[in-house]
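Analysis of the macromolecular model
Each chain, letter by letter, is given below.
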Amino acid sequence: LQAQNKVTFHTDAPTQTINRNIYGHFAEHLGNCIYGGFYVGDTSRIPNIKGVRKDIIAALKALKIPNLRWPGGCFADTYHWKDGIGPKEKRPAIVNTWWGGVTENNSFGTHDFLDMCEELGTEPYLAGNVGSGTVQELADWVQYVNFSGKSPMSDLRQQNGRQQPWKVQYWGVGNEAWGCGGNMRPEYYADIYRKYATFMSGHLFKIASGANSSDYNWTEVLMKNIPLHMVDGLALHHYSVIEWNKKGPAIDFSEEQYFQTMRSACFMDTLVRRHSAIMDKYDPKKKVALVVDEWGGWYDVEAGTNPGFLFQQNTMRDAMIAGVTLNIFHNHSDRVRMANLAQTVNVLQAVVLTKGEQLILTPTYHVMEMYKVHQDATLIPIDVQSNKYTYKNEQLPAVSASASKDKSGVTHISLVNIDASKPQEVTVQTGAAYKSVAGRILSSAKLQDHNSFTQPDKLKPAAFKGAVLKNNMLTVKLPPFSVVVLELQ
Ligand code: AHR
């Protein structure tokens with residue numbers, strides 16, 4: 001054991017709330033996320049509510065997911081919402097050109113999604129079609145779902161069985177406008193954004209399509225050209241990927257591949273700092289949120305699955321990505337006020353995988369469940385002094401941490417040791433007199449361990465006994481590649 005890892009609480013420093021929306025999820029029409037995932041149809045023998053699997057609803061409710069982004073992703077800029085309302089048998093089909101070229105029957109549309117969000121107790125986040133849609137189409141969608149007075153769109157909604165509007169607050173104005181959303185230049189998109197936003201009426205939280213990872217110029221141009229009163233969130237997409245044309249396997253990865261993935265995950269800290277610094281120039285009062293509405297690990301699809309469906313298993317490596325990334329978001333919660341893990345069910349770094357009637361919870365699910373205590377809690381600013389996790393000639397900080405105090409005064413600290421072989425001892429200088437410590441750990445014998453349909457509970461949180469509290473000082477022994485969440489009272 002090495003002893004130089006130190007976490008120091010700054011309980012006197014100015015602080016802010018960790019917005020629960022950082023714990024948002026993303027559900028695209030992609031592979032078996034919606035069809036064959038969330039949605040099995042109301043004639044399925046799998047127990048469902050209006051066609052949505054009851055077991056998924058229960059699992060996500062237990063996570064307290066605060067918001068859900070839909071219908072894409074790249075799909076959003078091909079989606080025409082009017083094709084997904086009215087009697088299901090009359091809805092026209094759509095070919096999902098981005099994801100597998102499959103023909104979808106549009107049986108899951110606006111009502112299906114928004115009713116599902118009500119059932120989940122989560123805020124919907126709708127991504128509007130800018131790439132292949134029109135200003136009128138998006139303005140109509142806003143009116144259809146939000147307008148309580150009489151109008152052509154609210155009449156249509158009522159004819160389709162919904163009297164009261166859903167009052168959707170979060171709206172994305174396109175997706176990846178620099179790529180699948182239209183291959184636009186930032187100057188052009190900034191103008192397009194202004195035009196679309198002008199016609200989206202009501203008190204909405206409007207999110208501009210943001211940068212691809214380290215494209216800082218994108219953020220600069222948008223912040224410079226979009227007036228602050230027209231925008232509430234600026235997106236950022238960053239996946240923990242090794243190389244886009246050589247992603248590597250989801251399960252049988254080497255330590256080198258693990259290290260490379262974690263390097264990409266840890267890079268989120270740099271991204272958030274640098275994009276925030278640009279935003280600070282134009283928006284020193286931090287009115288505009290940085291919305292990381294796509295993040296997570298991205299690997300090769302599982303053998304024998306449709307390459308366009310992005311189905312991958314989820315191991316302890318994914319638990320590491322989730323733990324580290326959420327700590328980064330917490331520690332930058334002044335600017336990062338919303339985020340969406342890609343994607344909820346059966347796609348990329350999913351929290352839930354399904355196969356027929358079976359459902360399993362992934363290690364990522366367990367991390368998000370352990371971390372949910374931080375939602376809407378007050379951030380405790382900390383300093384982290386960490387040993388290095390060294391692989392060959394490269395190094396990353398081994399320990400990542402964040403801390404918060406919830407509304408009932410209970411303090412939580414989440415600690416991650418990403419080192420693939422060394423345990424880490426961490427001393428936490430809390431600066432306050434706590435009487436007790438308790439917590440849970442997610443760890444396993446091998447980094448490649450995962451839950452499967454034959455062993456669904458191989459990985460799950462367990463009581464943690466490695467923390468000792470003495471004179472305002474907490475000592476924590478973290479096994480290699482583990483996530484620990486502690487409660488201090
Ligand atoms: O999440 C999968 C895809 O990744 C999304 O559709 C797109 O926005 C991103 O490139």
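Residues numbered from 1 in each chain as written. Predicted model: local features only at pLDDT ≥ 70, side-chain atom pairs only at ≥ 80, totals over all residues. Heavy atoms only, no water.

A closer look at the packing of aromatic side chains
What describes a pair of aromatic rings is the distance from one ring centre to the other and the angle between the planes of the rings. Summed over all chains, the structure comprises 21 aromatic pairs. A centroid spacing of 5.0 Å and a plane angle of 85 degrees characterise the contact between Trp244 and Trp298, whose relative ring orientation is edge-to-face. Of this pair, Trp244 sits in the loop between β11 (233–240) and α7 (255–282) while Trp298 sits in the loop between β12 (289–297) and α8 (316–331), placing them 54 residues apart in sequence. Ring centres of Trp295 and Phe329 lie 5.7 Å apart, and the angle between their planes is 90 degrees; on these two criteria the pair is classed as edge-to-face. Taken as a pair, Trp295 in strand β12 and Phe329 in helix α8 lie far apart in primary sequence, 34 residues in all. On the accessibility criterion, Trp295 (1% relative accessible area) is buried. The class of Phe329 is buried, set by a relative accessible area of 0%. Among the aromatic residues, those joined into a ring-pair cluster are Tyr35, Tyr39, Trp70, Phe75, Tyr79, Trp81, Phe108, Phe113, Trp141, Tyr144 and Trp171. Over the aromatic face of Phe26 sits the side chain of Arg69, whose NZ or CZ is 4.6 Å from the ring centroid. Positioned over the ring face of Phe253 is Arg317, at 3.9 Å from the centre of the ring. (Phe/Tyr/Trp six-rings, centres within 6.5 Å; stacked < 30°, edge-to-face > 60°. Helix = DSSP H or I, 4+ residues; strand = E, 2+ residues; numbered from the N terminus. Buried < 20%, exposed > 50% of the residue type's maximum accessible area, 1.4 Å probe, protein only. Lys NZ or Arg CZ within 6 Å of the ring centre and 35° of its normal.)

Details of the domain arrangement of the chain
Taken domain by domain, the chain consists of domain 1 (5–9 + 381–488) and domain 2 (20–375). Measuring from the centre of the C-alpha atoms in domain 1 to the corresponding centre in domain 2 gives 29 Å. Counting from both sides, the interface comprises 42 residues of domain 1 and, opposite them, 36 residues of domain 2. Here domain 1 packs against domain 2, burying approximately 3300 Å² in sum over the two surfaces, 68% of which is carbon and sulfur. (Domains from an automatic or database assignment. Contact = heavy atoms within 4.5 Å. Buried area = accessible area lost by both parts, 1.4 Å probe.)

Re the site of the ligand
Neighbouring residues of the ligand: 13 residues in total, closest Glu28, Cys74, Glu176, Tyr239 and Glu294. One nitrogen or oxygen atom from the side chain of Glu28 is found 2.7 Å from an oxygen atom belonging to the ligand. Between an oxygen atom of the ligand and a side-chain N or O atom of Tyr239, the distance comes to 2.7 Å. Against a free-state accessible area of 280 Å², the protein chains account for coverage of 93% of the ligand. A class-by-class count of the residues in the shell around the ligand yields seven nonpolar, three polar and three charged. (Near = heavy atom within 4 Å. Polar contact = N/O pair within 3.5 Å; in protein donor to acceptor, adjacent residues only side chain to side chain. Areas by Shrake-Rupley, 256 points an atom, 1.4 Å probe, with all protein chains shown as cover. Nonpolar A, V, L, I, M, F, W, Y, C, P; charged D, E, K, R; others polar.)

Regarding the pairing of strand β25 (residues 467–470)
Looking along a regular strand, one sees the side chains alternate between the two faces of the sheet. Two strands pair when backbone bridges link them, and β25 and strand β26 (residues 473–478) are joined in this way by four bridges, in the antiparallel orientation. If you follow Lys470 over to β26, its bridge partner there is Met473. The turn joining β25 and β26, which pair antiparallel and follow one another in sequence, is formed by two residues; a positive phi near 45 degrees is taken by Asn471. (Pairing = 2+ DSSP bridges.)

Things to note about the environment of Gly439
Within the element layout of this structure, Gly439 appears in strand β23 (residues 437–442). Separated by 164 residues in sequence, Gly439 and His275 place their C-alpha atoms 34 Å apart. Setting aside anything within four residues of it in sequence, one finds Gly439 in contact with Ala462, Ala463, Phe464, Val485 and Leu486.

Some points on the nonpolar core
Phe38 and Trp295 are the most contacted members of the largest nonpolar core, which has 147 residues in total. With 10 residues, α7 is the largest single contributor of residues to this core. Here this core spans two domains, and each of domain 1 (5–9 + 381–488) and domain 2 (20–375) adds at least three residues to it. (Core = buried A, V, L, I, M, F, W, Y, C linked by side-chain atoms within 4.5 Å.)

Some details on the side chain of Thr78
Secondary-structure assignment places Thr78 in the loop between β5 (67–70) and β6 (94–95). Beyond its immediate sequence surroundings of up to four residues, Thr78 is in contact with Ile94, Thr97, Trp98, Asn129 and Ser132.

What to know about the sheet that holds strand β24 (residues 462–463)
As summarised here, the arrangement of the six strands in space is β16-β20-β21-β27-β23-β24, forming an open sheet in which the pairing is antiparallel. Two strands in the sheet have a free side with no partner beyond their single neighbour: β16 (378–380) and β24. In the packing of helix α9 (residues 363–371) onto the sheet, contacts are made with β21 (411–417), β23 and β27 (482–488), and the angle to β23 comes to roughly 165 degrees. (Axes fitted to C-alpha atoms, helices over the stretch in contact; angles between N-to-C directions.)

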